[in-house]
Amino acid sequence: MNERAASRMRLVGMIRKESLQILRDPSSIAIAFVMPVVLLLLFGYGVSLDARHVPLAVVVEQPDTNTASLIGSFQHSAYFNLKSFDSIHAAQQAFDLREVFGIVWLRNDFSEQLLSRGNASIGVIVNGVNANQARITQGYIQGVWQVWLGHYARSRGMELTLPVALAPRIWFNAAVSSRDFLVPGLIALIMTLIGALLTSMVVAREWERGTMEALMVTPIRIGELVIGKLVPYFVLGMGGMLLSVATAVWLFEVPLRGSFWLLSAASALFMLVALGMGLVISVVAKNQFVAGQIAIVVTFLPAFILSGFIFQISSMPAAIQLITHIIPARYYVAILQTLFLAGDIWPIVLSNCAVLALMLFVLLAVARRKLHKRLDA
Amino acid sequence: MNTLRRIFALAVKELLAILRDKKSRFVLIGPPIIQLIVFGYAATFDLNNIPVAVYNEDSGAASRVLVARLVGSPHFDLVGHIERDAQIAPLIDNKDVLMVLHLGPRFSADLKRGKTASAQLIIDGRNSNTALLALGYLRAIVTDFNIDWARRHGKPGPPATLQIRPWYNANLLSRWFVVPGIVGLLTLVVTTIVTGLSVAREREAGTFDQLLVTPLRPVDILIGKSIPGILIGLIEGSFIITMVVFWFEVPLRGSLGALYIGMFLFLLSAVGIGLMISSLAVTQQQGILGTFLFLVPAVILSGFATPISNMPEAVQYLTLINPMRYFMVIVRGVFLEGDSYVLLFDQYWPMAIIAFVTLSLAGWLFRRRMN
Amino acid sequence: MPPPIARSCSPTEVMNNASLVFEGVSKTFTTGDRSVTALQSLDIRIQAGKVTGLIGPDGAGKTTLMRLAAGLLLPDAGSIHALGMDVVRQPLQVQSSVGYMPQRFGLYEDLSVQENLELYADLQGLGRAERAASYQELMHMTGLAPFTRRLAGRLSGGMKQKLGLACTLVRPPRLLLLDEPTVGVDPVSRRELWSIVYRQVKEQGMSVLLSTAYLDEAQRCDEVILIHEGRRLGQGTPQYFSEPMRGRTFRVTAPGFTKRALQARLGATPGIVDAIIEGEHVRIVTADPRLPDLSPLTSGQGALHIEPAEPIFEDAFIAALKGDQAVASARQLSQFPQVAPVGPEQEAVIEVCGLERRFGDFYAVKNVSFSVRRGEIFGLLGANGAGKSTTFRMLCGLLPVSAGKVQVAGYDLHHAGARARGRLGYMAQRFSLYANLSVLQNLRFFASAYGLGGARGRARIAWALEAFELKEYSGDNSDDLPLGFKQRLAMAAALMHEPDILFLDEPTSGVDPLARREFWQRINALAESGVTVLVTTHFMDEANYCDRLVIMAEGEVLARGTPAQMKARFRSDELSDPTMEDAFIGLIEAHEQGGGDAP
């Protein structure tokens, strides 16, 4: 038999063996399919950064038509659930018990100030513990206030003239739904899990069970060993990606504005990078416990926190921003969010793909240097 | 007496087994510190240096004043001026800027004539949360500009103004929100991993049989195995609390005692869950996976990063069985709101119930597993 | 079939025609600041077409040598040639024509027998056309034909080893390296493995290098290389080693003594290198051809009966390695006090009656009954998967019984409380103490677990360190101990609380002959002091130490009685002095042919 045929036979043998093992190992299935579904459902249904139905206490010390119109504006907003309290004291108690997130307080001189001096104040207290939620709630309150100002002016036969009116247009996500950016970003997490965590653990398992030693003394080349191991996990990861995309588009109705094929191509590239990371980790860690820990700390957590998936990279301290440049997920998340929400924006896709390709090259070079068919290297 | 000595010996052995192993030591020390730093610095929703471009077609002074206010804000970073409509899309598309402020040619003229001048704002909505926050910041700038303009030109301002005061976190620093939460996050992770793997590790090493033939009863073994988890959790928790207070300078306003009661109950329930996983897992790999499958939803549904009140109602009910949910309230309550025992009572008792149920279940599973 | 008789060959023949050559090979491993020299300027030559045995105690460097030969390690110095190829420069070419079976052969436990074979056929580049015939041949040879669809993880230990060998042989290599292929394998499977190896040598002209801890297997090799601490002590036919021992080996019996007492005394006598129990007599090896004066041993208790014995390889091995250590170990034995009050001799301490264990509809143990008397060493023998371990686990209360009755010291341990468990000591099949705890911490933990606190606990720990010579290791992690010391530690932990019943589950599996001897000296001393010992083992020579034993197969008891009774059944004209192994294999074969009736 010639060497090429033998090589192909070895490769096919490795791929078949690895695929059979995946199919028989419940934990591979768990990481590849159960975990993505759990994450998708959690993020799709469970997690939202948008504030809706914020419980708000209302204290009106002297009700009249003016206060009624202002409170009416709050009631019309979908963002708030109002609860009336007789005194600021009672409202504060509810606030302390976290029954309400904020208080709108109209003092007994509200109408008098409004009519006589045109300089009434609306007291608002928000719970600042969750700063993000507090800021977003503030924004909603300001929105309600502006709407009410217009109403008020019109009811008195005047035109409200603000010197400058802001006319915001939010591109790509007009409804500003957080699900539309969380769900696509999640694909990066899922592929990192499959590529890096699962792969590093299965290679470590071969070391632990002694099967690696037996493999190494066969005529298999190191390249065949690596490719044979990675192909099945590549397929598995792409399967995870397809599952996530399908869920995102059909279940959560996230728009996919870019081309599906471009998305697949970029994902394939990222999948290779993730597999490369798994491979390099497995060179360092020869038991599953350590491999799992390293994979979580080095790949999963950064993909979660430092990729721009949730947190804005430009707002991080400079040192941390520097670190994000070596996180592959950062580039993939940018591609994902663009392809889903904005469309085929080639400069973004190409530049990020170029970085990913460079990373792949480096990872493969490291793996190639570090992997030997020897036990003591 | 003898029983106590046996349990004590078992707990000492468990602790030694964890601490003498390089890998386990790494797991206990490495990731928590890395996570504390990464979360503490990177996990922030506050926006700084948002890249923004200005498209100013107006030549009047007013528009320059508004732009100057934008440049002066620490939240924004002026990347450049553009001159044509066609330049907007590429800038936003390529993520060079997060938003473009567009002032039309009649901006100053409209203002002068008392007409409302329009300021157009185009925001990249790919990250909706960032978009909303950035919009909020800009709105505040415009509102301030309006009030100033009205005052300077002797025009009446709005008849009623908002006086918003955020309590507990006046500057709305999201670090104050995230960092105390890490106390809960990391103690949960460490405690569940330590206890979740403890039985599986002995099963794989074959020491479990050796343990079972000693006079130790299953209950003794369970107690002996929970003590190290709780101890390590308490130590690690205390370390993180110290870091939160002195390194990240988050105020600690409430009673430490109230915090520690909460932490103890929280660790008890975490140990209960860890031991349940432990009794079910045959191999360490299953143990790792089991802990992972528990930890991810537990963290996401705890209110650690996103408020529970934003979740769908069904999911909100689900969070009631998550001990971390209660501890998140306690730790933030004590740190920022200055809560004490009475206010936190409603968080204590559900955790006590969860701890009781999970520990009993773990005991039951453990005994059943052996038959 | 009996293995071929080894042929002796002249040194010149050895020089030519070598399939594996090591020249001045050294290898040192460094972990942290500790460095261990595994091989030290080693020269060896393995002849083509022969079976060469690599023999040495634990840590001698056997596995390192195998891995170097397979190109898995790089030597620090020296050159290695396999089949004329430089292993360092051309590892891939070497690996294409060399077969290597590591100690723990890497079978994929979640793949079936057939799938494992196919994987290795693919990796070895076996053509499609040749496969069917090769598989059939291998499956037939290994007796795995009925199990091709079974997952490898579900096979018994012996079957796994045979499958591992089959995978290595799927495309017959010219040089076969086997690293301890028979560890933990029962005698029947061992015999089968050997016959497979010899068939390869005969039919394919294969060269085989095989390391083993079973010294009786050395006798089956064409040539033996003895290595110790990384150096070669000698190379030659088994006879080459055993012949110089002629005149130094004897069988001793003394009417006035139990064989254990006699062995202990002989072992402590200066001038005697080795004393082991063999059937009804004690076999001794003397330091020089002159028999030392043994009269003081028997002062006033009748005469010793001494007759010369045929020397075997094991005698040479012990003589070469042990030297005068025997005296030192024997001295330690005096430190075993009377551990338990000796009750009436005939009292049954362990009683098993109609014991059954089902897993689904599979009977792992079926209708097993026996009883063990106080102070007895009682053996449980059987092939892999015969149900020994299951029986054992039920006795210790680790597994509930499906039917039948188990009483240990009057208790059913599965339901009995702490007090009953406090009376027994247990040593598991694998080393099962806490690997990353130090020796002292392990001992402290087990002392407390058995409720020994304060002065008593300290005294027992001091005793354990002293009696098992563990003092100098007391601060080391138990995982870093040499295998023999691990085993001592495990035994010390099991004896911490002075139990009166000791359960030993294959306690000597994988342990080298020197450590095994020492271990049995201790067990004998314990039994003499009144402790009841229940032991399972794969080493048939160890069965000789038992007072009584049962042999199990397929979950049933095949035979019960004393070792002498067992062997007597198989005495025939061709086999005037059957060994325990002959008896065992005879019983198993009779069972397989006769449909399972105990003779």
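Residues numbered from 1 in each chain as written. Chains lettered and ligands numbered in written order. Predicted model: local features only at pLDDT ≥ 70, side-chain atom pairs only at ≥ 80, totals over all residues. Heavy atoms only, no water.

Asker: Pulling in residues and values, what's your account of the overall build of chain C?
Answerer: Each helix and strand counted, chain C has 21 helices and 23 strands in total. Principal axes of the C-alpha set define a box for chain C whose edges measure 65 × 60 × 60 Å. Partitioning the contacts of chain C with sequence separation of at least 6, the portion at a separation of at least 24 is 71%. Accessible surface computed for chain C: about 23200 Å², of which carbon and sulfur atoms make up 49%. Between the averaged position of the 62 positive side-chain charges in chain C and that of its 68 negative side-chain charges there is a distance of 4 Å. (Helix = DSSP H or I, 4+ residues; strand = E, 2+ residues; numbered from the N terminus. Contact = heavy atoms within 4.5 Å. Areas by Shrake-Rupley, 256 points an atom, 1.4 Å probe, with all protein chains shown as cover. Lys, Arg positive; Asp, Glu negative; His and termini not counted. Charge placed at Lys NZ, Arg CZ, Asp CG, Glu CD.)

Asker: Explain the side chain of C:Ser189 to me, and be specific about the residues and the numbers.
Answerer: Residues and elements named next belong to chain C. Among the structural elements, Ser189 can be located in helix α7 (residues 187–204). A residue is classified by how much of its surface remains accessible, and Ser189, at 8% relative accessible area, is buried. Setting aside its immediate chain neighbours within four residues, Ser189 contacts Gly158, Lys162 and Asn384. (Buried < 20%, exposed > 50% of the residue type's maximum accessible area, 1.4 Å probe, protein only.)

Asker: Outline the domain arrangement of chain B, supporting the account with residue identities and numerical values.
Answerer: According to the domain assignment, chain B consists of domain 1 (10–43 + 173–370) and domain 2 (50–152). Using C-alpha coordinates to define each centre, domain 1 of chain B is positioned 47 Å away from domain 2 of chain B. (Domains from an automatic or database assignment.)

Asker: Explain the state of the cysteines to me, and be specific about the residues and the numbers.
Answerer: This structure, assessed with the given rule, holds 0 disulfides over all chains. Just so you know, C:Cys396 is unpaired, no disulfide at all, and the nearest cysteine sulfur is the one on C:Cys546, 16 Å from it. (Disulfide = S-S within 2.5 Å.)

Asker: Pulling in residues and values, what's your account of the pattern of salt bridges?
Answerer: Residue and element names in this part refer to chain C. A complete count under the given rule lists 59 salt bridges over all chains for this structure. Put simply, Asp500 and Arg423 hold a salt bridge, and the shortest N to O gap is 3.3 Å. With Asp500 in the loop between α17 (483–495) and β20 (501–505) and Arg423 in the loop between α14 (418–421) and β19 (424–427), this pair connects stretches of sequence that are 77 residues apart. Of the residues examined, Asp500 reaches a relative accessible area of 14% and is grouped as buried. Overall, the relative accessible area of 29% leaves Arg423 in the partly exposed class. The shortest N-O distance in the salt bridge between Asp541 and Arg516 comes to 2.9 Å. Here the residue Asp541 occupies a position in helix α19 (residues 540–543), and Arg516 occupies one in helix α18 (residues 513–528), the gap between them amounting to 25 residues. Using a relative accessible area of 33% as the deciding quantity, one classes Asp541 as partly exposed. A single salt-bridge network, built from bridges that share partners, covers Arg190, Asp216, Glu217, Arg220 and Glu581. (Salt bridge = Lys/Arg side-chain N within 4 Å of Asp/Glu carboxyl O.)

Asker: Hey, could you go over the packing of aromatic side chains for me, with residue numbers and the actual values?
Answerer: Each aromatic ring pair is characterised by the separation of its centres together with the angle its planes make. A full pass over the atoms with the stated rule returns 36 aromatic pairs over all chains. Each ring, one from B:Phe39 and one from B:Phe304, has its centre 5.7 Å from the other, and the planes form 85°; the classification is edge-to-face. Pair noted here: B:Phe39 is in helix α2 (residues 22–42) and B:Phe304 is in the loop between α11 (284–300) and α12 (313–318), with a separation of 265 residues, a long-range link. Comparing B:Phe39 with B:Phe304 shows no difference in burial state: the two are buried. Summarising the aromatic geometry, the rings of C:Phe313 and C:Phe317 are spaced 6.5 Å apart at their centres and angled 40° between planes, so their arrangement reads as tilted. Here C:Phe317 and C:Phe313 lie together in helix α11 (residues 313–322), a separation of 4 residues that amounts to about one turn. Judged on exposure class, the residue C:Phe313 and its partner C:Phe317 are both buried. Every member of this aromatic cluster is reached through a ring pair, and the members are A:Phe43, A:Phe300, A:Phe304, A:Phe309 and B:Phe292. (Phe/Tyr/Trp six-rings, centres within 6.5 Å; stacked < 30°, edge-to-face > 60°.)

Asker: So what's going on with the packing of helix α3 (residues 65–76) of chain A against helix α5 (residues 110–117) of chain A? Which residues, and what values?
Answerer: Residues and elements named next belong to chain A. One can describe the packing of α3 onto α5 by two numbers: an axis separation of 8 Å at closest approach and a directional angle of 100°. Overall, the two elements α3 and α5 adopt an arrangement that is roughly perpendicular. Residues Asn66, Thr67 and Leu70 of α3 lie in contact with α5, whose contacting residues are Phe110, Ser111, Leu114 and Leu115. Grouping the amino acids of the contact of α3 with α5 by side-chain chemistry returns 4 nonpolar, 3 polar and no charged. (Axes fitted to C-alpha atoms, helices over the stretch in contact; angles between N-to-C directions. Parallel < 35°, antiparallel > 145°, perpendicular 65-115°, else oblique. Nonpolar A, V, L, I, M, F, W, Y, C, P; charged D, E, K, R; others polar.)

Asker: Tell me about unusual backbone geometry, residues and numbers included.
Answerer: All names here are of chain C. Positive phi, close to 45°, is recorded for Glu180, a residue that is not glycine. Accessibility expressed as a relative area gives 6% for Glu180, which makes it buried. Despite not being glycine, Asn367 shows a phi value in the positive range, around 50°. Looking at where Asn367 falls in the secondary structure, it is placed in strand β16 (residues 362–373). When its relative accessible area of 53% is taken as the criterion, Asn367 is described as exposed.

Asker: Please set out the interface of chain A and chain B residue by residue, giving values where relevant.
Answerer: The partner chain B presents 101 residues to the 100 residues of chain A that form the contact. Summing both sides of the interface, chain A and chain B together bury roughly 9100 Å²; the carbon and sulfur share of this comes to 67%. Residue B:Glu337 is joined to A:Arg98 by a salt bridge in which the shortest nitrogen-to-oxygen separation is 3.4 Å. Joining chain A to chain B, the criterion identifies 36 residue pairs in polar contact (both at pLDDT 80 or more). (Buried area = accessible area lost by both parts, 1.4 Å probe. Polar contact = N/O pair within 3.5 Å; in protein donor to acceptor, adjacent residues only side chain to side chain.)

Asker: Can you lay out the interface of chain B and chain C for me, pointing to particular residues and giving the numbers?
Answerer: At the interface, 27 residues of chain B touch 31 residues of chain C. Summed over both partners, the interface of chain B with chain C comes to about 2500 Å²; 57% of that surface belongs to carbon and sulfur atoms. It is B:Arg20, B:Gln210 and B:Val213 in chain B that bury the most area against chain C; as a group they hold 28% of the surface buried on that side. The tally of links between chain B and chain C comes to 1 salt bridge. The shortest N-O distance in the salt bridge between C:Arg393 and B:Asp209 comes to 2.4 Å. For the side of chain B that touches chain C, the element with the most residues is helix α1 (residues 2–19) of chain B, which contributes 8 residues. Taken together, the residues of the side of chain B that touches chain C break down into 11 nonpolar, 6 polar and 10 charged.

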